[in-house]
Amino acid sequence: MNCDIIIIGSGPAGLAAGFAAADSGKKVLILEKMPSPGSKLLASGGGRCNVSNILPLEEFASRFGRNWRFLLPALSEFHGRKLLDFFRTRDLPLELTDGFHYFPNTGKARDVLELFTSGILRRGGKILCGTRVNSLRPGEKWQVITDRGIFSAGKVICACGGRGYPALGGSMTGYDLARGCGHRITPLYPAMTGVICNDQKIRECAGISIPDCRAKINVKGRDGICTEGELLFTHNGFSAFAILDLAGTAAALLEKMDTVPLKIDFLPRMSESGLSAVFDSWRKAGGTRKISNLLSTLLPRRVAQMLLDGDDPEISRWQASSARLLAEKLKNSIFPICAVENWEKAMVTKGGVCLKEVSPHTLESKICPGLFFAGEMLDVTGPCGGFNITWALASGMLAGKNSSLA
């Protein structure tokens, strides 16, 4: 089967690339190994699909870390007002739900998927599911070798996604295809997932969540990443928004360290001096109530007991030194991360196709003309909050547009 452009993968990057290419009048074929398109997209945002957020262009891009400038050409074409207008003019306006995150106003990820798939099919594009790509063969026309035969096209866009969530299609496919074409793949780590700590005290709090905590990797030179949000105690460590954005960094550090220190501030809205003042007022009031009873007004009771670690006297017997120690624990507790959750639970991949080998202005390979990349399989990783989907859509749009040029 011959076509103008073959796109490998039907996640948000592949769909956006297909939409842009088909909109340019090109004959497009999307190959997807899963039984249906957009499996990860449908699961995103709890099935609601957090498409983007309100941050301006450069601040948005800077959240991706040291490679942030690479993103600017793509985001300049599909971010902020341009992104909002794209959805609005196609009868799926995005809604600002909490003053920061944008979701489709229907609250359904499926409607985002339908917007792109219907747009591609309406423009003559095809989506072939249940088709696994095994290798690429460059030439006057690219040959895409699959388990259902060989397909040919003038251009190929790899939008295969990352390695995480294999149940939803995550795999090494894209990286293997890129490597087979001579591209270097930077080390891959599971990211946006939970962390594991060998600490029995944490297990005793499993299932408890605290709505507002602050966390950071407490390693010199790597402690710039500070995250805030819900903290969930799991049966073997921590998860939820205060943790997810730290996992990829922790995974990389664990290749060189036995454990990675995680600092948690359980009460980020209170200063240490403010806590000390509260504790002083408790001590002055005296009485027979246990410290854990009073502390449970600030934190869940089991978490309070964990932090007290058996030092739970009546308030009238509480020493000033113990009060100072507790204030320090509440603001600066250190937990040793010994591992991160595996690929089955990783929402994104840290690492990917080396950016030095890809043009940021076109997303075309500098090694193999006619080969383009988009989305997560590039060495680009953003935090939670619509960053990665926006990048997938923007990079897909840019790759689709540029692959359509003669």
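To be clear, the structure that these remarks concern was listed above.
In this report, the structure presented in the accompanying data block is examined. Not measured: the values here are computed from a predicted model.

### Thoughts on the sheet that holds strand β4 (residues 94–96)
Strand-to-strand pairing in sheets goes through backbone hydrogen bonds, with the strands running parallel or antiparallel. Reading across from one edge, β3-β5-β4 is the order of the three strands in this open sheet, with antiparallel pairing throughout. Of all the strands in the sheet, the pair left with one neighbour each is β3 (52–53) and β4. Bridge analysis of β4 against strand β5 (residues 101–104) gives three bridges, and the strand direction is antiparallel. Along β5, the bridge assignment pairs Leu94 with Pro104.

### Thoughts on helix α6 (residues 109–122)
In a regular helix each residue adds 1.5 Å, so 14 residues correspond to 20 Å; α6 covers 20 Å between its end C-alpha atoms and thus fits that length. Turning to α6, its buried residues are Ala109, Val112, Leu113, Leu115, Phe116, Thr117, Ser118, Gly119 and Ile120. In the segment just after α6, Gly124 is the residue with positive phi, at about 90°.

### Considering the sheet that holds strand β12 (residues 209–217)
Strand order in the open sheet made by the seven strands is β16-β15-β12-β13-β14-β11-β17, with antiparallel pairing throughout. If you trace the sheet from one side to the other, it starts and ends with β16 (333–337) and β17 (339–340), each paired once. Sheet analysis places β12 next to strand β15 (residues 260–265), joined by four bridges and oriented antiparallel. Bridge pairing in β15 links Arg214 to Asp265. Contacts from helix α14 (residues 320–332) reach β15 and β16 within the one sheet, and its direction differs from that of β15 by about 110°.

### Observations concerning the side chain of Thr227
Note on placement: Thr227 falls in strand β13 (residues 226–233). Note on Thr227: relative accessible area 7%, which makes it buried. With residues up to four places along the chain from it excluded, the contact list for Thr227 reads Cys213, Arg214, Ala215, Phe241, Ala242, Ile243, Asp245 and Leu246.

### Remarks on the layout of surface pockets
Taken as a whole, the second largest pocket holds about 220 Å³ of empty space. In this structure, the second largest pocket is lined by Phe19, Ala20, Asp23, Ser24, Glu77, Phe78, Lys82, Phe86, Arg90, Met397, Leu398 and Lys401. For the lining of the second largest pocket, the secondary structure elements donating two or more residues are α1 (12–23), α5 (81–88) and α15 (387–403).

### As for the environment of Glu364
The topology assignment puts Glu364 in the loop between β18 (348–350) and β19 (371–373). With residues up to four places along the chain from it excluded, the contact list for Glu364 reads Glu357, Val358, Ser359, Pro369, Gly370, Leu371 and Phe372.

### Things to note about unusual backbone geometry
In this model, Cys49 sits at a positive phi of 70°, which is unusual for a non-glycine residue. Note that Cys49 resides in the loop between α2 (39–43) and β3. For Cys49, a relative accessible area of 0% corresponds to the buried category. Phi is positive for Asp309, close to 50°, though the residue is something other than glycine. Position of Asp309 relative to the elements: it lies in the loop between α13 (301–308) and α14.

### So, the nonpolar core
In terms of nonpolar packing, the biggest core is built from 84 residues, with Phe87, Phe116, Leu136 and Leu378 touching the most fellow members. In terms of residue count, α15 provides more of this core than any other element does, nine residues in total. Discounting chain neighbours no more than four positions away, the residues touching Leu136 are Ile8, Trp142, Gln143, Val144, Val156, Cys158, Leu177, Cys181 and Leu371.

### Side note on α13
Along α13, the positions that sit buried rather than exposed are Val303, Ala304, Met306, Leu307 and Leu308. For α13, the elements touching its buried residues are α8 (200–203), β12, β13, α12 (291–295), α14 and β16. Directly after α13, the chain includes Asp309, whose backbone phi takes a positive value near 50°.

About the thresholds
Residues numbered from 1 in each chain as written. Predicted model: local features only at pLDDT ≥ 70, side-chain atom pairs only at ≥ 80, totals over all residues. Heavy atoms only, no water. Pairing = 2+ DSSP bridges. Helix = DSSP H or I, 4+ residues; strand = E, 2+ residues; numbered from the N terminus. Expected span 1.5 Å × (residues − 1). Buried < 20%, exposed > 50% of the residue type's maximum accessible area, 1.4 Å probe, protein only. Contact = heavy atoms within 4.5 Å. Axes fitted to C-alpha atoms, helices over the stretch in contact; angles between N-to-C directions. 1 Å grid on protein atoms, 1.4 Å probe; cavity = no way out; pocket = protein on both sides within 12 Å on 5 of 7 lines; lining within 4 Å. Points joined across faces, edges and corners; volume = space filled by probe spheres on them. Core = buried A, V, L, I, M, F, W, Y, C linked by side-chain atoms within 4.5 Å.

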